[in-house]
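Structure at a glance
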Amino acid sequence: MKKILFYSYLGHEVQWIVRIAKELNADFYGFFDETYKVAESMGLKTVHDVSDYDIFVTTRFHFGPDWDIVNRFLNENKIVIMLQHAWDSALNIPTKFWSMDTSRFSYYCVGSQQDKDWL
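Structure report, in brief.

What to know about the layout of surface pockets
Empty space within the largest pocket amounts to approximately 160 Å³. Taken together, 10 residues line the largest pocket, and the ones lying closest to its centre are Lys2, Lys3, Ile4, Leu24 and Asn25. Classifying every residue of the lining of the largest pocket by side-chain character gives five nonpolar, one polar and four charged.

A few points about the pairing of strand β2 (residues 27–30)
Judged by which residues are buried, β2 turns out to be covered on both faces: Asp27 and Tyr29 on one side and Phe28 and Gly30 on the other are all buried. The handedness of the strand β1 (residues 4–8) to β2 crossover, carried by helix α1 (residues 14–23), is right-handed.

Considerations on the nonpolar core
Inside soluble globular proteins, nonpolar side chains tend to come together where they are buried. Residues Leu5, Tyr29, Phe56, Ile69, Val70, Phe73 and Val80 are the most contacted members of the largest nonpolar core, which totals 17 residues. Elements represented by at least two residues in this core include exactly β1, α3 (65–75) and β4 (79–84). In terms of residue count, α3 provides more of this core than any other element does, four residues in total. Excluding residues that lie within four positions of it along the chain, Phe73 makes contacts with Leu5, Val50, Tyr53, Phe56, Lys78 and Val80.

Scoring rules and cut-offs
- Residues numbered from 1 in each chain as written.
- Predicted model: local features only at pLDDT ≥ 70, side-chain atom pairs only at ≥ 80, totals over all residues.
- Heavy atoms only, no water.
- 1 Å grid on protein atoms, 1.4 Å probe; cavity = no way out; pocket = protein on both sides within 12 Å on 5 of 7 lines; lining within 4 Å.
- Points joined across faces, edges and corners; volume = space filled by probe spheres on them.
- Nonpolar A, V, L, I, M, F, W, Y, C, P; charged D, E, K, R; others polar.
- Buried < 20%, exposed > 50% of the residue type's maximum accessible area, 1.4 Å probe, protein only.
- Helix = DSSP H or I, 4+ residues; strand = E, 2+ residues; numbered from the N terminus.
- Right-handed = clockwise from strand over helix to strand, strands pointing away.
- Core = buried A, V, L, I, M, F, W, Y, C linked by side-chain atoms within 4.5 Å.
- Contact = heavy atoms within 4.5 Å.

Take a look at the structure:
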(Lines give C-alpha, C1' and ligand atoms only; values in the text may rest on other atoms or scores of the structure.)
Protein backbone atom coordinates (compact mmCIF):
# COMPACT_ATOMS: atom_id res chain seq x y z
CA MET A 1 0.00 0.00 0.00
CA LYS A 2 1.27 3.46 -0.88
CA LYS A 3 2.01 5.83 1.97
CA ILE A 4 0.17 9.16 1.89
CA LEU A 5 1.50 12.40 3.32
CA PHE A 6 -0.57 15.57 3.77
CA TYR A 7 1.09 18.97 3.91
CA SER A 8 -0.01 22.36 5.19
CA TYR A 9 2.12 25.44 5.51
CA LEU A 10 -0.04 27.32 8.02
CA GLY A 11 -2.07 26.10 10.96
CA HIS A 12 -5.45 27.22 9.68
CA GLU A 13 -4.96 25.12 6.53
CA VAL A 14 -4.91 21.95 8.62
CA GLN A 15 -8.68 22.19 9.04
CA TRP A 16 -9.05 21.78 5.26
CA ILE A 17 -7.40 18.37 5.30
CA VAL A 18 -7.93 16.90 8.77
CA ARG A 19 -11.05 14.85 7.99
CA ILE A 20 -9.75 13.23 4.83
CA ALA A 21 -6.28 12.68 6.30
CA LYS A 22 -7.81 10.83 9.24
CA GLU A 23 -10.05 8.74 6.99
CA LEU A 24 -7.03 7.71 4.93
CA ASN A 25 -4.87 7.15 8.03
CA ALA A 26 -2.35 9.49 6.43
CA ASP A 27 0.52 11.27 8.11
CA PHE A 28 1.07 15.02 8.26
CA TYR A 29 4.04 17.20 7.42
CA GLY A 30 4.15 20.91 8.14
CA PHE A 31 6.51 23.82 7.98
CA PHE A 32 6.10 25.77 11.21
CA ASP A 33 6.08 24.42 14.77
CA GLU A 34 2.67 26.09 15.15
CA THR A 35 1.34 24.08 12.21
CA TYR A 36 2.54 20.85 13.81
CA LYS A 37 0.87 21.80 17.09
CA VAL A 38 -2.45 22.46 15.34
CA ALA A 39 -2.23 19.16 13.44
CA GLU A 40 -1.41 17.21 16.60
CA SER A 41 -4.24 18.91 18.52
CA MET A 42 -6.61 17.69 15.78
CA GLY A 43 -5.35 14.14 16.13
CA LEU A 44 -3.03 13.86 13.13
CA LYS A 45 0.21 11.90 13.28
CA THR A 46 3.03 14.28 12.38
CA VAL A 47 6.35 13.42 10.74
CA HIS A 48 9.50 15.32 9.85
CA ASP A 49 11.03 12.89 7.37
CA VAL A 50 9.20 12.83 4.01
CA SER A 51 11.44 10.37 2.19
CA ASP A 52 9.26 7.30 2.70
CA TYR A 53 6.03 8.57 1.09
CA ASP A 54 4.56 7.78 -2.32
CA ILE A 55 1.66 10.23 -2.42
CA PHE A 56 1.88 13.89 -1.39
CA VAL A 57 -1.24 16.02 -0.88
CA THR A 58 -0.74 19.76 -0.56
CA THR A 59 -3.05 22.68 0.13
CA ARG A 60 -0.63 25.25 -1.26
CA PHE A 61 1.72 25.85 -4.14
CA HIS A 62 3.48 29.17 -3.67
CA PHE A 63 7.11 30.25 -3.78
CA GLY A 64 9.28 29.20 -0.86
CA PRO A 65 8.91 26.01 1.19
CA ASP A 66 5.68 25.02 -0.62
CA TRP A 67 7.40 25.24 -3.99
CA ASP A 68 10.40 23.26 -2.72
CA ILE A 69 8.50 20.34 -1.19
CA VAL A 70 6.05 20.03 -4.09
CA ASN A 71 8.87 20.01 -6.63
CA ARG A 72 10.81 17.47 -4.59
CA PHE A 73 7.94 14.99 -4.93
CA LEU A 74 7.25 15.89 -8.56
CA ASN A 75 10.90 15.44 -9.47
CA GLU A 76 10.89 12.00 -7.82
CA ASN A 77 7.94 11.06 -10.08
CA LYS A 78 5.66 10.51 -7.12
CA ILE A 79 1.94 11.22 -7.05
CA VAL A 80 1.28 14.83 -6.10
CA ILE A 81 -2.26 16.02 -5.46
CA MET A 82 -3.31 19.66 -5.17
CA LEU A 83 -6.20 20.04 -2.75
CA GLN A 84 -7.68 23.31 -3.93
CA HIS A 85 -9.80 24.83 -1.19
CA ALA A 86 -12.36 27.59 -1.39
CA TRP A 87 -10.96 31.09 -0.81
CA ASP A 88 -7.54 30.15 -2.18
CA SER A 89 -7.13 31.43 -5.71
CA ALA A 90 -3.80 29.69 -6.25
CA LEU A 91 -5.13 27.79 -9.24
CA ASN A 92 -7.60 30.18 -10.83
CA ILE A 93 -5.30 30.36 -13.84
CA PRO A 94 -3.88 26.83 -13.68
CA THR A 95 -0.71 27.26 -15.74
CA LYS A 96 -0.01 30.93 -15.17
CA PHE A 97 -0.31 31.61 -11.45
CA TRP A 98 2.91 33.38 -10.48
CA SER A 99 4.38 31.84 -13.65
CA MET A 100 4.33 28.43 -11.98
CA ASP A 101 3.56 25.33 -14.00
CA THR A 102 0.70 23.70 -12.14
CA SER A 103 0.04 21.25 -14.97
CA ARG A 104 2.49 18.75 -13.46
CA PHE A 105 0.19 17.74 -10.60
CA SER A 106 -1.07 14.16 -10.77
CA TYR A 107 -4.57 15.11 -9.62
CA TYR A 108 -6.58 18.12 -8.46
CA CYS A 109 -9.24 17.94 -5.74
CA VAL A 110 -11.50 20.92 -5.37
CA GLY A 111 -13.32 22.21 -2.31
CA SER A 112 -15.98 24.36 -3.93
CA GLN A 113 -17.90 24.90 -7.12
CA GLN A 114 -15.95 28.12 -7.71
CA ASP A 115 -12.66 26.24 -7.61
CA LYS A 116 -14.05 23.68 -10.05
CA ASP A 117 -15.13 26.46 -12.41
CA TRP A 118 -11.68 28.06 -12.24
CA LEU A 119 -9.94 24.79 -13.02
